[in-house]
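Observations on the model geometry
Next come the chains, spelled out residue by residue.
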Amino acid sequence: MKNRTTKLTVIVIFLIVVVVGYYAYLSNRTREQKQEATLTVVQNTLGKSLEIDYPPTPKEVIKYYNEILLCFYNEECTEEEIELLGNQARALYDTELLANNELNIYLVNLKADIQDYKKNERRITSTSVASSASVDFFEKDGYEFARIMCGYNVMEDGVNYPSGQVYLLRRDEEKQWKIYGWEPVEEFNKKMQE
C-alpha cells in the first residue's frame, strides 16, 4: 500500500510539473508573438492608406505630415522605408509642388537632410499643429486655400530650439487638401508686416 501511494505521489508531481512547464511554454510563446505583432512607428505610419482614408481637414493633413517627419528624423529607417515615407509625404503635396520637386532629386535631398540630422544628433522632440479654429481659409485665383501654423521643438546638443512653419494648403479637384508650400514663421511674419 505504501509503495502504491509513493508511485501515485510521484505520478501526480510529474503531471503537475508537465502542466506547469507547458503553461510556461505557451505563455512565453504568446508573449513573443505579441512582440512580433507590434508594429514599429514607421510601419504604423506607412500603414495608412491615403487612397482609402485621406485626411479630411488641413489640420489632419499636417498632423499626418508631421508623423512622417518624425519617422524621417527620429526613427531608424531603412533605405526602402525612407523611400516609402517619401512617397507618402509626396501624396500630400499639391500638383504644383510635385512639379517643382522631381522624385529622384527629392529623395536624394531628403536622404542628405536625414543624414545631416543624424550626424548632428538632432531630434524633433515635439510638434504642435494650430487648432482647427486657427486655420485661415481664403480663396484666390478660383482656388480654395488654407493656411495653418505648426510649431516644432528640435533638440540639438541638449538644447531645445523652437521653430515654426506656416503651411499653405490648396484644395484639389477631389476636394482633398494638399500641401502647396511652407515657410518659416519668421519669414511669413515679415511678409505680413510689409
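Below, the structure is looked at part by part. Computed from a predicted model, the values in this text were never measured in an experiment. (Residues numbered from 1 in each chain as written. Predicted model: local features only at pLDDT ≥ 70, side-chain atom pairs only at ≥ 80, totals over all residues. Heavy atoms only, no water.)

**Here's the deal with the environment of isoleucine 114**
As a reminder of what qualifies: Elements are defined by DSSP. Helices are runs of H or I of four residues or more, strands are runs of E of two residues or more, and each kind is numbered from the N terminus. Under the scheme applied here, a residue whose accessible area is under 20% of the maximum for its type counts as buried, over 50% as exposed, and between as partly exposed, the area being computed with a 1.4 Å probe on protein chains only.
Tracing the chain through its elements places isoleucine 114 in helix 6 (residues 103–119). Residue isoleucine 114 is classed as buried on the basis of its relative accessible area, which comes to 6%. In this structure the C-alpha to C-alpha distance between isoleucine 114 and threonine 45, which are 69 residues apart in sequence, comes to 17 Å.

**Digging into the nonpolar core**
Rules: In plain words, nonpolar cores are sets of buried Ala, Val, Leu, Ile, Met, Phe, Trp, Tyr and Cys residues tied together by side-chain atoms within 4.5 Å.
Ranked by size, the top nonpolar core spans 37 residues in total, and within it Phe72, Leu92, Tyr167 and Ile179 carry the most contacts. For this core, the elements supplying multiple residues, two or more each, are helix 3 (58–74), helix 4 (79–91), helix 6, strand 1 (123–129), strand 3 (143–156), strand 4 (159–171) and strand 5 (177–184). Considering each element in turn, this core owes the most residues, 9 residues, to helix 3.

**Some words on the pattern of salt bridges**
Stated precisely, the cut-off is as follows: The salt bridge definition used is simple: a Lys or Arg side-chain nitrogen within 4 Å of an Asp or Glu carboxyl oxygen.
Using the criterion set out here, one finds 9 salt bridges in the structure. The residue arginine 170 makes a salt bridge to aspartate 94 at a minimum N-O spacing of 2.8 Å. Here the residue arginine 170 occupies a position in strand 4, and aspartate 94 occupies one in the loop between helix 4 and helix 5 (95–99), the gap between them amounting to 76 residues. An identical accessibility class is assigned to arginine 170 and aspartate 94; each is buried. With a closest N to O distance of 3.2 Å, glutamate 96 and arginine 170 form a salt bridge. Taken together, the residues glutamate 96 in helix 5 and arginine 170 in strand 4 connect sequence positions 74 residues apart. Judged by relative accessible area, which is 6%, arginine 170 ranks as buried. Salt bridges sharing common partners tie together Glu79, Glu83 and Lys111.

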